[in-house]
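# Tertiary structure, described
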Amino acid sequence: MNIQSIDAFQIYDSRGFPTVEVEVTLENGVTGSGLVPSGASTGQFEALELRDGDKSVFRGKSVFKAIANIRGEIAPALQGMAVTDLKAIDGKLVELDGTENKSRLGANATLGVSMACARAAANARGVPLYEYLGKGQGTLLPLNEIQILGGGAHADWAIDIQDFLIIAMGAKTYEETLEMTFNIYHAAGEVMKGRGKSVGLADEGGWWPAFDSNEEPFEVLLEAVRLAGYEAGKDVAISLDIAASDLYDGERYHLKKDGTSFTPSEFCDLMIEWCEKYPIISIEDPFADTDFDSWKRFTEEVGKRVQVIGDDLFTTNIARIENGIDNQLANSVLIKLNQIGTVSETMAAIEMTQKAGWLPVVSARSGETEDAFIAHLAVATNAGQLKVGSFARSERMVKWNEVLRIERSLGKRARFVGAELYQTIFG
Ligand SMILES: O=C(O)[C@@H](CO)OP(=O)(O)O
Ligand SMILES: [Mg+2]
C-alpha cells in the first residue's frame, strides 16, 4: 500500500474562492482525495494558507503556488511511502516545510495531501474513514452546534457577534439534534420575516440579519424556539461564537452596531451578564486571543455551567492548547484541520484536549467544500461535538448527512450521549 503519485488541482469553495483538491494514487491503483476548507475570521496564530500574489489585495486569490509545492516538492518526497503510516507521512510534511506555521509549503498544501493520504489508506483497507482514523474505537455520534443567525465577518458586519447557534440539549439521538434545530432554524426565518429583518443567508447558511442591536438576535432566537414548540434552557440552549479577536483593537472591544466600546474587564462583565440573562450553554472566543486575563477570569466565574471554547485562542495548536490547560483559560477547544495543517497534528490536539478533561468541538470553516472529512474525524476521535455552520447549504448538509450514514454503518455500536457530555467539564 505504497504511494505511487500525488496530484493537486484548483477547485472552488462554498464562497466561490479558489482552494486545493489533492488526489493520491497508490501502487495498487486505489485513490483518495482531500478538499481543503478556508476561514474568513482567521486567527493570527493559524498555520498559513498559501495564496498567490499580495494577500492584502483580495482574499480569494488563486492557490497555484500551493499546488506547485504539492507537485514539485511533496509528491516526490512522499512517493513510495506506506500510505497507512499517516504519522510518518505527516511528520515528513512538517519536516519538508520546516517552518513553525507551514508558511513555506502552505497549510492548504500539506492538509490536502494529509487528508487524501488518510482517505486512500481507508479505501485501500476497504473500511470507512472513521474506522480507519479511529482504529475501530470511534463510536460516539456528536451533539451538534448549529448556526441560526450569522454575523461578523460572515455577514458583512450586519451584527458584531459572529454566530448565534443552537445546541439541542434535550435530544435523545443524533437525528433529533438535526430535527429540533431544523425546526428552530425555519421558525427563526418566519420570525425575521415577520419583523421585516430577513435579508438572506450568511456565509455558513444562517440567516443574514438586519438587526438594530446585538441583543435583538437573542430575542429573535428565543421567539423562534418558542414558535417551534421548545423550551429554551431545557430542550435547547444558546451557543455563541463572539469571534472577539475581530472586535478588539489591542485596548478596547468595540460593538459597532450598538455604538459601544469596553475595556477588557468591562467586556468580561458583559459576557458574564449575557450568560446570566440568557440560556447560554456554550460560548466561543468571548475574548481576543491575546487577552488571557479575561479568559481566565471568565472561565473561573462561569466555566462550571458554560462551555468556554477557544478557537482563535488555540488555533488547534498543541503548544497553545497546553498553555491554555496549564493556565485554565477555557474548558473546550475548537478543532479545525486547516488551522494546523495535518490530520495527525489535529488528532493529537484532540487527544490532548480530552486527556485534560476538556471537550473538543470539531469544526468546519466558513469557506467549505463538499468534503465530509470532519464528520468522520468527529466520530473517529469520540470528540462528541460537531460545528458545521447552519443548514440550507449543501457544503454544510454533506457533513450533517454523513454522520447519519456513519450511524447506519456503525449499527448497534453507535453511541449518543447528548448533553451528558458536559458533565465532564461541569462536574
Ligand atoms: O470562527 C469560526 O469558528 C469559523 C467557523 O464558524 O469561522 P472561520 O472559518 O471564518 O474562521
Ligand atoms: Mg470561531
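Quantities reported herein were computed from a predicted structural model and do not represent experimental measurements. (Residues numbered from 1 in each chain as written. Chains lettered and ligands numbered in written order. Predicted model: local features only at pLDDT ≥ 70, side-chain atom pairs only at ≥ 80, totals over all residues. Heavy atoms only, no water.)

## Some thoughts on the packing of helix α5 (residues 174-195) against helix α6 (residues 216-227)
Inclusion rule: Axes, fitted as lines to C-alpha atoms, cover a helix only where it is in contact. Angles between the N-to-C directions of the axes lie from 0 to 180 degrees. Helix and strand assignments follow DSSP, with helices taken as H or I runs no shorter than four residues and strands as E runs no shorter than two, numbered in order from the N terminus. Angles below 35 degrees are treated as roughly parallel, those above 145 as roughly antiparallel, those between 65 and 115 as roughly perpendicular, and all remaining angles as oblique. By convention, the crossing between two helices is left-handed when the near helix turns anticlockwise from the far helix through less than a right angle, and right-handed when the turn is clockwise. Note on contacts: a residue pair qualifies if any of its non-hydrogen atoms lie within 4.5 Å across the two residues. For this classification, the nonpolar set comprises Ala, Val, Leu, Ile, Met, Phe, Trp, Tyr, Cys and Pro, the charged set comprises Asp, Glu, Lys and Arg, and every other residue, Gly included, is treated as polar.
Where α5 meets α6, the closest approach of the two axes is 8 Å, and the angle between their N-to-C directions is 120 degrees. Considering their axes alone, α5 and α6 lie oblique with respect to each other. Pair α5 / α6 crosses with right-handed handedness. Contacts from Ile-184, Ala-187, Ala-188, Glu-190, Val-191, Met-192 and Arg-195 in α5 reach Glu-216, Glu-219, Val-220, Glu-223, Ala-224, Val-225 and Leu-227 in α6. Classifying every residue of the contact of α5 with α6 gives 9 nonpolar, no polar and 5 charged.

## Here we look at the packing of aromatic side chains
Any pair of aromatic rings gets described here by the distance separating the centres and the angle formed by the planes. The following threshold applies: Paired rings are identified among Phe, Tyr and Trp, the last through its six-membered ring, by centres lying within 6.5 Å, and are further divided according to the angle between planes into stacked (under 30 degrees), edge-to-face (over 60) and tilted (the rest).
Applying the stated criterion to the full structure yields 15 aromatic pairs. On the numbers, 4.3 Å between centres and 10 degrees between planes, the contact of Tyr-253 with Phe-267 is stacked. In this pair, Tyr-253 sits in strand β9 (residues 253-255) while Phe-267 sits in helix α7 (residues 264-277), placing the two residues 14 residues apart along the sequence. Ring geometry for Phe-314 versus Trp-358: centroids 5.9 Å apart, planes at 50 degrees, classification tilted.

## Examining the side chain of Thr-315
Stated formally: Throughout this description, a polar contact denotes any pair of N or O atoms lying within 3.5 Å of each other; where both atoms belong to protein, one of them has to be capable of donating a hydrogen while the other can accept it, and for residues adjacent in sequence the pair is counted only when both atoms sit in side chains.
Along the chain, Thr-315 falls in the loop between β12 (307-310) and α9 (318-326). Looking at Thr-315, its side chain comes within polar contact range of the main-chain oxygen of Phe-45, at 3.4 Å. Apart from the residues lying within four places of it in its own chain, the contact partners of Thr-315 are Gly-43, Phe-45, Glu-46, Arg-320 and Gln-339.

## Details of the sheet that holds strand β3 (residues 31-35)
Hydrogen bonds along the backbone pair up the strands of a sheet, which may run parallel or antiparallel. Which entries qualify depends on this criterion: Two strands qualify as a pair provided that DSSP identifies no fewer than 2 bridges between them.
Ordered by their spatial adjacency, 3 strands build an open sheet running β1-β2-β3, and the pairing between neighbours is antiparallel. This sheet does not close on itself; its edge strands, each paired only once, are β1 (3-12) and β3. Adjacent strand axes in the sheet meet at a mean angle of 20 degrees, parallel and antiparallel pairs treated alike. With 9 bridges joining them, β1 and strand β2 (residues 18-26) adopt antiparallel strand pairing. Across the sheet, residue Ile-6 finds its bridge partner in β2, namely Val-24. Sheet strands in contact with helix α1 (residues 64-78) are β1 and β2, and its direction is about 170 degrees off that of β1. Running over the sheet, helix α3 (residues 107-125) touches β1, β2 and β3 and is turned about 145 degrees from β3.

## Points about the coordination of the magnesium ion (ligand 2)
What counts is decided by this rule: Atoms of type N, O and S within 2.8 Å of a metal are treated as its donors, and for Na, K and Ca the window is 3.2 Å; water is not considered, so some sites may appear to be missing partners. Residue exposure (1.4 Å probe, protein chains only): buried if accessible area is under 20% of the type maximum, exposed if over 50%, otherwise partly exposed.
Taken together, Asp-241 (OD), Glu-284 (OE) and Asp-311 (OD) make up the full set of protein donors to the magnesium ion (ligand 2), lying 2.0 to 2.2 Å away. Taken in sequence order, the residues that donate to the magnesium ion (ligand 2) follow the motif D-x42-E-x26-D. Placement of Glu-284 in strand β11 (residues 280-284) and of Asp-311 in the loop between β12 and α9 is noted, with a sequence separation of 27 residues between them. Residue class for Glu-284 comes out buried when judged on its relative accessible area of 0%.

## Comments concerning the pairing of β3
As defined by bridge partners, β2 adjoins β3 across 5 bridges and the pair is classed as antiparallel. In the sheet register, Glu-21 faces β3, and the bridge partner there is Leu-35. Between β2 and β3, which follow one another and run antiparallel, lie 4 residues, and Gly-29 among them has a positive phi close to 90 degrees.

Read these as geometric descriptors, not functional statements.
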